[in-house]
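# Summary of structural features
If you want the building blocks of each chain, they are given just below.
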Amino acid sequence: MPLIAGYRKLPKPALALLMIIIGVVGRALLAPAPNVEPVLILSMLAGMLLGGVYAIVVPVAIMALSDVYFYFVPYEGIYPAFSILGLAAFTYSGFVFVSLMGGFLMRRRVLWRTKTIAIFTTISVPLTIAYDAWTAFGNWVFLSAPLGQTLPDVYGKQVVFTLIHIFSSLLFAPILGTTFLALHLHGLPVPGPRSAKSPEDSQ
Amino acid sequence: MRERTQALLFVGAWLSALALVLVATSTVQPRPVAPRGPFSGLLLVRGEGWTIEYEAAGARNNTAFSLLREASVAIGFELDWVEYGWPYEDVFVTSINGSRNDGTRNLWWQYCVNDAYASQGALHQEVLDGDVVTWVYAAPGGEDLCR
């Protein structure tokens, strides 16, 4: 018996809201594993699938909402507010950069094809490295330099975290990429007797 | 190439890439300090206008942090820290004997071993027989703090 009646198109604000919810919950739940996070991939997807103002709103909203939790619960009182705000400027701008680059590099490639996900996953690796290079610099400026550490020290210690971040991006890119590409191109499955065109029909 | 073949090839490449990155991560991950036999060392803690001295004889806690923790239990002074989990498995000392890290005054707990400023996390800094570990509450000053 058919289980899917059809697909309901999701408007951009709904897709953006879904990305923000998954980003905030995912970042909070995965916090014990540093640099394993869905935000970078969701930022790329926001730029690629939604574009425009969403390329900025989605990553900033995910970070702002989850930072409220992080800096008032587990990190409360550890770092001075100036350092947190300074570092936030680097992390937020880093994710916005990733989002804009995701939109630029994946333009005219938003198709329901394996190749789309393969290219998207591949692109996530250099963007992860660029993001980490940028935010490690911010970490040095606002947290490590005041503690007497040099920039090469910070980049040296960053290597293992960047490898983990690449693992995270490689892990989430196909999973979230396929999910949101399907939602964007075909919409949300509606349960019930089959009556409308499904993704398989478009192949 | 058919879409299904492409998808299978992609999944294979994806899983291989994930495994490769995990192997690379484990090779560059800092190694924990191996436990050793009993040793003797000296621990100095210099706060604002006070100093704590702890002579460790027959100690087995052979890292800069575990020796500090041993002293806090033996002497009975307050010690607070934040733990960093995988992959670093290290700690960030936030308070000793009531003196808490203070970003507004730029005062932080830092440590030296034998007059050399810390170059790694306190849980990865091995302490050897005869070493002098000094924890200093001061603005970051590198080697100058250790003299």
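Anything mentioned here points back to the structure above.
None of these values were measured; they are calculated from a predicted model.

### Details of the overall build of chain B
Looking only at helices and strands, one finds 2 helices and 8 strands in chain B. Going from the N terminus to the C terminus, chain B shows its helices and strands as α-β-β-α-β-β-β-β-β-β. For chain B, the spread of C-alpha atoms along the principal axes amounts to about 75 × 40 × 25 Å. Counting all 147 residues of chain B, 43% fall into the buried class. For chain B, the proportion of contacts with a sequence separation of at least 24, taken over those separated by at least 6, is 53%. Charge centroids of chain B, computed over 10 positive and 17 negative side chains, lie 11 Å from each other.

### Things to note about the interface of chain A and chain B
Between chain A and chain B, the contact holds 27 residues from the first and 25 residues from the second. Carbon and sulfur atoms make up 78% of the surface buried where chain A meets chain B, a total of about 2,300 Å² over both sides. Contact with chain B buries surface across chain A, with Thr114, Leu147 and Phe167 of chain A losing the most and accounting together for 24% of the total. Where chain A packs against chain B, one counts 0 salt bridges. On the surface where chain A and chain B come into contact, there are 2 residue pairs in polar contact (both at pLDDT 80 or more). For the side of chain A that touches chain B, the secondary-structure elements that each account for two or more residues are helix 5 (114-144) and helix 6 (151-185) of chain A. Of the residues forming the side of chain A that touches chain B, the biggest block, 12 residues, is contributed by helix 6 of chain A.

### Some thoughts on the packing of helix 1 (residues 12-29) of chain A against helix 6 of chain A
All names here are of chain A. Running from amino to carboxyl end, helix 1 crosses helix 6 at an angle of 160°, the nearest separation of the two axes being 11 Å. When the interaxial angle is binned, helix 1 and helix 6 end up roughly antiparallel. Helix 1 and helix 6 meet at a crossing whose hand is right-handed. Of the residues in helix 6, those in contact with Leu15, Leu18, Met19 and Ile22 of helix 1 are Leu176, Phe180, Leu183 and His184. Taken together, the residues that form the contact of helix 1 with helix 6 break down as 7 nonpolar, 1 polar and no charged.

Criteria and thresholds
- Residues numbered from 1 in each chain as written.
- Chains lettered and ligands numbered in written order.
- Predicted model: local features only at pLDDT ≥ 70, side-chain atom pairs only at ≥ 80, totals over all residues.
- Heavy atoms only, no water.
- Helix = DSSP H or I, 4+ residues; strand = E, 2+ residues; numbered from the N terminus.
- Buried < 20%, exposed > 50% of the residue type's maximum accessible area, 1.4 Å probe, protein only.
- Contact = heavy atoms within 4.5 Å.
- Lys, Arg positive; Asp, Glu negative; His and termini not counted.
- Charge placed at Lys NZ, Arg CZ, Asp CG, Glu CD.
- Buried area = accessible area lost by both parts, 1.4 Å probe.
- Salt bridge = Lys/Arg side-chain N within 4 Å of Asp/Glu carboxyl O.
- Polar contact = N/O pair within 3.5 Å; in protein donor to acceptor, adjacent residues only side chain to side chain.
- Axes fitted to C-alpha atoms, helices over the stretch in contact; angles between N-to-C directions.
- Parallel < 35°, antiparallel > 145°, perpendicular 65-115°, else oblique.
- Left-handed = near helix turned anticlockwise from the far one by under 90°.
- Nonpolar A, V, L, I, M, F, W, Y, C, P; charged D, E, K, R; others polar.

Such coordinate-based values are descriptive only and should not be taken to indicate function.
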